[in-house]
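Here is what each chain is made of, one letter per residue.
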Amino acid sequence: MKQVYTKNNKLVVEHTFYSLSEYCEYLKNGVINPKITSSTSSKTGDINFSGTATYEEAINLCLYGDYSNKFDELLKLKDKLDDELTNKKKVSTQTISHVGYIPHVPNFIKGIPLNMINTIYTEFKDTSYITIYFNVSQLSTYSKEQFYHKGVICLSLIEHFEQMGYQVILKLFAGSYCKDQVILTFFELKDSNERLSLRNLFFPMTNVAFLRRLHFRLREITSELESYWSDIYGYSLKSEEIKSYLDINNTTIILSYPDELGILGKNLTEDAINCFKKLGLEGLL
């Protein structure tokens, strides 16, 4: 879905995709905007900057997931982080049951079958829904490890919330501007009733090629963008600017840029502790 509107004195071109296959199909059928460039950055960048050797490799990873040892490494890192997350917060209530840890004396004397006191734990939470916005924009000053760790932390956080009984909605986004124009893209890849697909989310959330191959191509086929996008492909929106375009409430979590989250890309556990502290979730680790 594509919308064009004016906000904050800028022309905004907003795309929303509901699956990675829909996104890839849109890119496949798009026509290069002659105002942007005749030499496409989506195809010419090298692997060190772009994350994959070719544009076609990025498309395949986006469509089919990553089956390399990189995905296995992710699972090991994520499992390690999962183990360090604390147990869910619970409150307890006592009830009379068939089984328990102490007899209910009056019922025991009367021969009533429900003669044991048991403790039932329930999750302590104020809401059952959480929306996570994950920024796939990547500044050139950030390392691949920072971006990678942010993805691992987010995936682990989602599973942890779901184990606590929350329903989690995941929305990836990217936002760039150049002069008086903004291109804003949303990827609604996980609804509240969907299970987390680690293999499908691994590429867009941990590989910079999702931005520097595929999102660059989206810019190249966006007809509204003017020629001044040709050389730099725009600048990433600042976090405060991003918030003005998001649907935010008190159950929204935004994972924006790594440095703002305290993610340095050196030690995953330390990055997770810093990230949760910045997000006000210190009790999770």
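One can find the structure itself at the top, above this paragraph.
Residues numbered from 1 in each chain as written. Predicted model: local features only at pLDDT ≥ 70, side-chain atom pairs only at ≥ 80, totals over all residues. Heavy atoms only, no water.

Visitor: Residue-level account of unusual backbone geometry, with values.
Guide: The phi angle at Asn9 is positive, at roughly 60°, despite the residue not being glycine. Position of Asn9 among the secondary structure elements: in the loop between strand E1 (2-7) and strand E2 (10-17). Note on Asn9: relative accessible area 77%, which makes it exposed. One non-glycine residue, Tyr233, adopts positive backbone phi at about 60°. When you line up the elements, Tyr233 lands in the loop between helix H9 (209-220) and strand E9 (235-236). (Helix = DSSP H or I, 4+ residues; strand = E, 2+ residues; numbered from the N terminus. Buried < 20%, exposed > 50% of the residue type's maximum accessible area, 1.4 Å probe, protein only.)

Visitor: Tell me about the packing of helix H5 (residues 69-84) against helix H8 (residues 198-206), residues and numbers included.
Guide: Where H5 meets H8, the axes come as close as 11 Å, and the angle between the chain directions of the two elements is 95°. In terms of axis orientation, H5 runs roughly perpendicular to H8. Taken together, the residues of H8 that come into contact with H5 (itself represented by Lys70, Phe71, Leu74, Leu75 and Lys78) are Leu198, Arg199, Phe202 and Thr206. By residue class, the composition of the contact of H5 with H8 is five nonpolar, one polar and three charged. (Axes fitted to C-alpha atoms, helices over the stretch in contact; angles between N-to-C directions. Parallel < 35°, antiparallel > 145°, perpendicular 65-115°, else oblique. Contact = heavy atoms within 4.5 Å. Nonpolar A, V, L, I, M, F, W, Y, C, P; charged D, E, K, R; others polar.)

Visitor: Mind laying out the packing of aromatic side chains, listing which residues take part and the relevant values?
Guide: Considering all chains together, one arrives at 14 aromatic pairs under this definition. Grouped by ring-pair contacts, the aromatic residues Phe17, Tyr23, Tyr26, Phe187, Phe203 and Phe210 constitute a single cluster. Arg212 extends its terminal NZ or CZ atom over the ring of Phe49, reaching a point 4.1 Å from the ring centre. (Phe/Tyr/Trp six-rings, centres within 6.5 Å; stacked < 30°, edge-to-face > 60°. Lys NZ or Arg CZ within 6 Å of the ring centre and 35° of its normal.)

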